[in-house]
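Chain and residue survey
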Amino acid sequence: MGASHSREELISDSDEEEYEEEEENYQDSKDDTPERSSSGRRPKTPSSLDEVAAKLEALKLKYPTSNTPNPSLKNAVKLYLHIGGNTPKAKWVTSEKLTSYAFIKTAKINGQDGAEDGEESENEEESGDVWWVLKVGNKIRVKVGVEMQLKSFGDQRRVDFVAKGVWAMKFFSDEEYKSFVSKFNDCSFENTYKMESNDANKVKVYGKDFIGWANPEAADDSIWEDAEDAFSKSPRSATPVRANQDLREEFEEAANGGIQSLALGALDNSFLVGDSGIQVVKNFTHGIQGKGVYVNFDNGNQRSGLNSVHSTPRKALLMRAETNMLLMSPKTEGKPHTTGLHQLDIETGKIVTEWKFGKDGTEITMRDIANDSKGAQLDPSGATFLGLDDNRLCRWDMRDRNGIVQNLATSTPVLNWTQGHQFSRGTNFQCFATTGDGSIVVGSLDGKIRLYSITSMRQAKTAFPGLGSPITHVDVTFDGKWILGTTDTYLILICTLFTDKDGKTKTGFNGRMGHRVAAPRLLKLTPLDSHLAGVNNKFRNAQFSWVTENGKQERHLVATVGKFSVIWNFQQVKNGSHECYHNQEGLKSCYCYKIVLKDDSIVDSRFMHDKFAVSDSPEAPLVIATPLKVSSFSISSRR
């Protein structure tokens, strides 16, 4: 399956087509691709212009002319609905030529009654469980927040959003448009942080050094501009953005068993980790291809009791020049924590050691593991790796502290805690990644992203504030200058560069960034694509293309959303003059991407190592895995 580009459709003021009852035969994309449309029922809309006129006459309002709203109708807008999903019949239709919106504070999001704008009942006030809700006419009532995927078009005086369907509102003046966007942002802030949106509270949330995150117009973007210059000058870095650039599928094959995760190698092989074993595949410049070798977990080489642990291996970490693999499975299905892992010798296909996590004689758990650095899996003598739990960050050593080889048949060895810190409750670590030199970036449940240097795991050099959404996955470039965080509804790209008091440029891993912190940039799906992604439309596992060599720059970003694999051009995202950023309010958000659609939910999407790029297609292949198939794509400059 090929890739499609994100696209926007202009809505003309002269578009008078009504959404009538006979148009009910238009369905979202579920007709062609089940599960891709929202499970919510489409709101009913007036069947004709006469019904709208009758309602207006009942209100004793004069019927408006063309683009001039009735002055008696507060917050007047024109409402559109997108129908047809991604079918050839997809289009915007006028839902109401004239209606109004209001922001109300209530606990009854789906109810019919609610307080007026700015009002709330005593019971709701006492319970504290109230939200700002956007109400549009009698058709839309939705909690204000990032889940709406609201996108603004300043040049069209228009906003698009998701609320059991994809809607668009057009305003009749620039002032009304700006007033809506400002109020929406204030309500979203209050819903997220449970405090009024004002300058004092924004300082409390973001900190004085990061106030540019709340007020991007006042942020210092010179670091982004400097980074763009450096990016274009780095060896083999600039990826031309061509209109004819596309993705083409090079290879697809069925997997041997259900795929749970990918373990891509930079040498000869990559690995598909499934329910019952590991399939070994060969690396080529056009992607990966099966070799027919399969390591079965239930092959008699494991000790009794290991098979149940191996039933759902969720994390696979290559080590020792990719001859060994650490397999980490949840202790209980659905829980991310585990008390140990298994070391697989890939050459023999046997589990050679079952390790336990322990500290000071006490068994502890880990949520995630990672290599010491971006290229550590290529080190043939590597014996250490990093571990993360909710309130722990540490380094483990597989070498026995007494210099004695453990006897697997008689004992379960405990990993040696060589470095780290057990924090007080409240850090809520979720995920982490390492740079080329071994610096560590950690994402948290509260949205914070912390940077730790290679010398200390006790105190973060820099802590970026959260934007209200948990960080579920994090990645960092080889040089440590860029961080990519994943949340359910958007990706956040952070530049770690800053200039110290001596005029030297550093990263936030090596020093405290102070007040010269650039505002981040967000990567989002359009409301329409977010809706078409289906009920499982959460971002997962966003990461950079894979580079493990100084002087080379990552070229692309990729993330998974349901059946979509979404790819952004890294250089384009960083370009401050990029067309996506025109007429935007708030943090700059990039909507220019390519989508690869698969028939099943995608397990993972990852670029192969940079060494597998070829001259006529300077990008390394993209590997996309679904539970039963694995595909390889190449970026081509051919028409």
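The numbers attached to residues start from 1 for each chain and follow its sequence in the written order. pLDDT decides what is reported in this predicted model: residues at 70 or higher carry local features, side-chain atom pairs at 80 or more are listed and counted, and totals for whole chains, interfaces and linings draw on all residues regardless. Neither water nor hydrogens contribute to the side-chain values; these are computed over all heavy atoms in the structure.

Labelled according to an unreviewed UniProt entry, the protein appears under the name Protein CYPRO4, originating from Gossypium arboreum.

Take the overall build of the protein next. Looking only at helices and strands, the protein has 8 helices and 41 strands in total. Counting contacts in the protein only where the partners sit at least 6 residues apart, residues at least 24 apart contribute 60% of the total. Each accessible area is a Shrake-Rupley estimate made with a 1.4 Å probe; only the visible protein chains count as cover when residues are assessed. Accessible area of the protein: about 28000 Å², with a carbon and sulfur share of 46%. Secondary structure elements are defined from DSSP: runs of H or I of at least 4 residues count as helices, runs of E of at least 2 residues count as strands, and each element is numbered from the N terminus. Contact definition: two residues touch when any of their heavy atoms are within 4.5 Å.

Below, the discussion takes up the sheet that holds strand E8 (residues 166–171). One open sheet holds the 7 strands; their spatial order is E5-E4-E3-E2-E8-E7-E6, and the pairing between them is antiparallel. The outermost strands of the open sheet, each flanked by one partner alone, are strand E5 (140–143) and strand E6 (151–153). Across the sheet, the axes of successive neighbouring strands diverge by a mean angle of 30 degrees, strand direction being ignored. By the convention used here, strands pair only if DSSP detects at least 2 bridges between them. Looking at chain direction, strand E4 (residues 131–136) and E5 are connected through 4 bridges and run antiparallel. Within E5, the position partnered with Val-133 by the bridge is Lys-143. Orientation is described by lines fitted to C-alpha atoms, with helices fitted over the stretch in contact, and by angles between N-to-C directions that extend from 0 to 180 degrees.

With that out of the way, let us pick up the pattern of salt bridges. Oppositely charged side chains are able to pair whenever their charged atoms sit close together. Only one rule defines a salt bridge in this text: a Lys or Arg side-chain nitrogen within 4 Å of an Asp or Glu carboxyl oxygen. Applying the stated criterion across every chain, the model contains 19 salt bridges. A salt bridge links Asp-390 to Arg-367; the nearest nitrogen and oxygen atoms lie 3.0 Å apart. With Asp-390 in the loop between strand E21 (384–389) and strand E22 (392–397) and Arg-367 in the loop between strand E19 (362–363) and strand E20 (368–370), the pair connects residues that are 23 residues apart, well separated along the chain. On the basis of relative accessible area, Asp-390 is assigned to the partly exposed category, the value being 21%. Throughout, exposure labels follow a simple rule: accessible area from a 1.4 Å probe, protein chains only, divided by the maximum for the residue type, with under 20% read as buried, over 50% as exposed, and the rest as partly exposed. Taking the relative accessible area as the measure of exposure, Arg-367 reaches 19% and is therefore buried. Among the charged side chains, a network of salt bridges with common partners joins Glu-252, Lys-598 and Lys-629.

Before going further, it helps to examine the confidence of the model for the protein. In the predicted model, the protein carries a mean pLDDT of 80, and 75% of its residues have values of at least 70. pLDDT expresses how confident the predictor is about each individual residue, on a scale running from 0 to 100. Per-element confidence in the protein ranges from a low mean pLDDT of 41 for helix H6 (residues 306–309) to a high of 98 for strand E28 (residues 473–476). Low confidence marks residues 20–47, where pLDDT is under 50. Its contacts with residues over four positions away, or in another chain, come to 67 contacts. Below pLDDT 50 for its whole length, residues 62–66 participates in 9 contacts with residues either more than four positions away or in separate chains.

Another point: the sheet that holds E20. If you walk across this open sheet you meet the 4 strands as E20-E21-E22-E23, and the pairing is antiparallel. Every interior strand has two partners, whereas the edge strands, E20 and strand E23 (416–422), have only one. Between one strand axis and the next, the sheet turns through 20 degrees on average, direction left out of account. Alignment of E20 against E21, held across 3 bridges, turns out to be antiparallel. If you follow Asp-368 over to E21, its bridge partner there is Leu-388.

Here, a disulfide means two cysteine sulfur atoms that sit within 2.5 Å of each other. As enumerated under the stated definition, the model contains 0 disulfides in all. In this model Cys-592 remains outside any disulfide bridge; the closest cysteine sulfur is found in Cys-580, 3.5 Å from its own.

The next point concerns the packing of aromatic side chains. Between 30 and 60 degrees the pair is tilted, below 30 it is stacked and above 60 it is edge-to-face, where a pair is any two Phe, Tyr or Trp rings, Trp via its six-membered ring, whose centres lie within 6.5 Å. For the structure shown, the criterion picks out 20 aromatic pairs. Between Phe-423 and Phe-429, the aromatic rings sit 5.4 Å apart at their centres with planes inclined by 85 degrees, giving edge-to-face as the arrangement. The residues Phe-423 and Phe-429 share a single accessibility class, namely buried. In this scheme, Lys NZ or Arg CZ marks a charge over a ring once it lies within 6 Å of the ring centre and within 35 degrees of the ring normal. Positioned above the aromatic ring of Tyr-591 is the side chain of Lys-151, whose terminal nitrogen or guanidinium carbon lies 4.0 Å from the ring centre. Here the guanidinium or amino end of Arg-158 rests over the ring plane of Phe-153, the centre of that ring lying 4.3 Å away.

Our focus in this paragraph is the nonpolar core. Residues belong to a common nonpolar core when they are buried Ala, Val, Leu, Ile, Met, Phe, Trp, Tyr or Cys residues joined through side-chain atoms within 4.5 Å. Counting 37 residues, the largest nonpolar core has Leu-491, Leu-493, Leu-557, Val-566, Trp-568 and Val-573 as the members making the most contacts within it. Once residues lying within four places of it in the same chain are set aside, the contact partners of Leu-557 are Leu-484, Leu-523, Gln-543, Phe-544, Val-566, Ile-567, Trp-568, Phe-570 and Val-573. Among the nonpolar cores identified, the runner-up in size contains 27 residues, and Val-205, Ala-433, Leu-467 and Phe-509 belong to it.

Position of Ala-255 relative to the elements: it lies in the loop between strand E9 (246–254) and strand E10 (259–263). You can call Ala-255 buried: its relative accessible area is 16%. Separated by 17 residues in sequence, Ala-255 and Leu-272 place their C-alpha atoms 7.9 Å apart.

This part is about the pairing of E8. Burial runs high along E8: 6 of the 6 residues are buried. Side-chain alternation along E8 places Val-166, Ala-168 and Lys-170 on one buried face and Trp-167, Met-169 and Phe-171 on a second face that is also buried. The pairing of strand E2 (residues 76–83) with E8 spans 5 bridges and is classified as antiparallel. Among the inter-strand pairings, Lys-78 is bridged to a residue of E8, identified as Lys-170. When strand E7 (residues 158–162) meets E8, the two strands line up antiparallel, connected through 5 bridges. Bridge pairing links Phe-161 to Trp-167 in E8.

It is worth spelling out the side chain of Lys-139 at this point. Mapped onto the elements of the fold, Lys-139 is located in the loop between E4 and E5. We call two N or O atoms a polar contact when they sit within 3.5 Å, provided that within protein one can donate a hydrogen and the other can accept it, with sequence-adjacent residues counted only if both atoms are side-chain atoms. Engagement of the side chain of Lys-139 in a polar contact is seen with the side chain of Ser-95, the distance being 2.7 Å.

Before going further, it helps to examine unusual backbone geometry. With phi around 50 degrees, Arg-157 is a residue other than glycine that occupies positive phi space. Within the secondary structure layout, Arg-157 lies in the loop between E6 and E7. Residue Arg-157 is classed as partly exposed on the basis of its relative accessible area, which comes to 24%. Positive phi, close to 55 degrees, is recorded for Ala-321, a residue that is not glycine.

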